[in-house]
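# Coordinate inspection notes
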Amino acid sequence: MIENLKWDDFNVVLAIAEEKALKQAASKLHVSQATIYRRLADIEGKCGVKLFNREDNAYVPTLAGLELVRSAKEIEKQVLYAQRKLYSAKETLSGNLTITTTDTLMYGLLGNIIHDFNCQYKELNISVIVSNKLMSLEARDADIAFRPVVNPNETLIGKKILPIYQAVYVSHKSKHTDWLESDISWIAPNTEMQYPQLSEWFSKNNLLNNRLLKSNSILMDYFMVANYDYAAVLPTYLEKEGAGIKRISPIIPELSTTMWGLMHTDLRTSQTVTEFLNYVRACCKDRAEQLYHSSR
């Protein structure tokens, strides 16, 4: 029966629903795939009903599974809310914390979060390195990095913070309403950006013959799109009130990725790094829900 379930059981169901695969769910929960398989069977036994169906190699919730997922999300929200309250009530952190991230993530997501954390812990010296190059966490150029990555370096540990979806945008004043229109002026990545997936997308869609402006900065792309008559592929987290842009394409699946909060394994016991990582994750949870629903 459902009353026999523990929070860990809800967490397992939620992880499988979000990741759609046992392997990824196991990685998210830091357990083995066999453990997740066994746990799911045990949970379904407690509930007396099937919670997932296998469809096209993906785990899709049944109606009963969807109800459990909804409950799990509500529980998670309460847990994260409690964490935020606890962070505020804890003794002041002190010492130094160096954070590195990209210019776009800093502008679109992390700036306000870092500011709020800095206001809460006035005895903590925070240094932010904004760079589109991955700083060496092994050499302690930074304590924690926030990056859009698919598979983190094996020497690093961290947490998935936020899904990153991408689509084509133009100025909110633009006459263009569809990315397939032939007279669009595009902003494409140059070689310095080192973004092969985006370059391949431009090539696959035969856009390289259009009138192009090339750049190595997503933040520059956003500025040019918001202020002039260009189109560019941008992360959807930049799409917010007053941003000056509008979406003219569906989400581009092959360009979707995840923002991770990464640190070196030597720092896994650092209270300051752990506190900040968890704080960012808690603050981004609601934003993740918004991005998920806006992508559908």
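Look up a bit, the structure's there.
So, on to the sheet that holds strand S11 (residues 245–247). Spatial strand order, S10-S7-S11: three strands in an open sheet with antiparallel pairing. Edge positions in the sheet fall to strand S10 (232–235) and S11, since each of these pairs with one other strand and no more. Looking at each pair of strands side by side, their axes are set apart by 55 degrees on average, direction ignored. Direction of pairing for strand S7 (residues 166–171) relative to S11: antiparallel, over a ladder of three bridges.

Across all of its chains, the model carries 10 salt bridges by this definition. Between aspartate 9 and lysine 46 there is a salt bridge, with the nearest N and O atoms lying 3.0 Å from each other. Placement of the pair is aspartate 9 in helix H1 (residues 7–19) and lysine 46 in helix H3 (residues 33–47), with a sequence separation of 37 residues. Note on aspartate 9: relative accessible area 4%, which makes it buried. Judged by its relative accessible area of 23%, lysine 46 falls in the partly exposed class.

Looking now at the packing of aromatic side chains. In total, this model carries 11 aromatic pairs according to the counting rule given. Residues phenylalanine 223 and tyrosine 228 carry aromatic rings whose centres are separated by 6.5 Å and whose planes lie at 65 degrees to one another, so their mutual orientation is edge-to-face. Accessibility expressed as a relative area gives 45% for tyrosine 228, which makes it partly exposed. Among the aromatic residues, ring-to-ring pairing joins Phe117, Tyr121, Phe146, Phe276 and Tyr279 into one connected group. The positively charged end of lysine 240 is found above the aromatic ring belonging to tyrosine 107, 5.9 Å away from the centroid.

Across soluble globular proteins, nonpolar side chains have a tendency to be buried as a group. Counting residues in each nonpolar core, the largest one holds 57 residues, and the members touching the most others are Phe146, Trp201 and Met259. Counting residues in hydrophobic clusters, the runner-up holds 20 residues, among them Phe10, Ala26, Ile36 and Ala72.

Let us look at the packing of H1 against H3. For any two helices packed against each other, one specifies the inter-axial angle together with the distance between the axes. Two elements in contact, H1 and H3, have axes separated by 10 Å at closest approach and are oriented at 115 degrees. Considering only the axes of H1 and H3, their crossing is left-handed. Across the interface between the two elements, Asp8, Asp9, Val12, Val13 and Ile16 from H1 touch Ile36, Arg39, Leu40, Ile43 and Lys46 from H3. By residue class, the composition of the contact of H1 with H3 is six nonpolar, no polar and four charged.

For the rest of this paragraph, the subject is the side chain of serine 217. Among the secondary structure elements, serine 217 is positioned in the loop between strand S9 (212–215) and helix H7 (218–227). Contact partners of serine 217, with chain neighbours within four places excluded, come to Asp103 and Met193.

Criteria and cut-off values
- Residues numbered from 1 in each chain as written.
- Predicted model: local features only at pLDDT ≥ 70, side-chain atom pairs only at ≥ 80, totals over all residues.
- Heavy atoms only, no water.
- Pairing = 2+ DSSP bridges.
- Helix = DSSP H or I, 4+ residues; strand = E, 2+ residues; numbered from the N terminus.
- Axes fitted to C-alpha atoms, helices over the stretch in contact; angles between N-to-C directions.
- Salt bridge = Lys/Arg side-chain N within 4 Å of Asp/Glu carboxyl O.
- Buried < 20%, exposed > 50% of the residue type's maximum accessible area, 1.4 Å probe, protein only.
- Phe/Tyr/Trp six-rings, centres within 6.5 Å; stacked < 30°, edge-to-face > 60°.
- Lys NZ or Arg CZ within 6 Å of the ring centre and 35° of its normal.
- Core = buried A, V, L, I, M, F, W, Y, C linked by side-chain atoms within 4.5 Å.
- Left-handed = near helix turned anticlockwise from the far one by under 90°.
- Contact = heavy atoms within 4.5 Å.
- Nonpolar A, V, L, I, M, F, W, Y, C, P; charged D, E, K, R; others polar.

What is shown is where atoms sit, not what they do.
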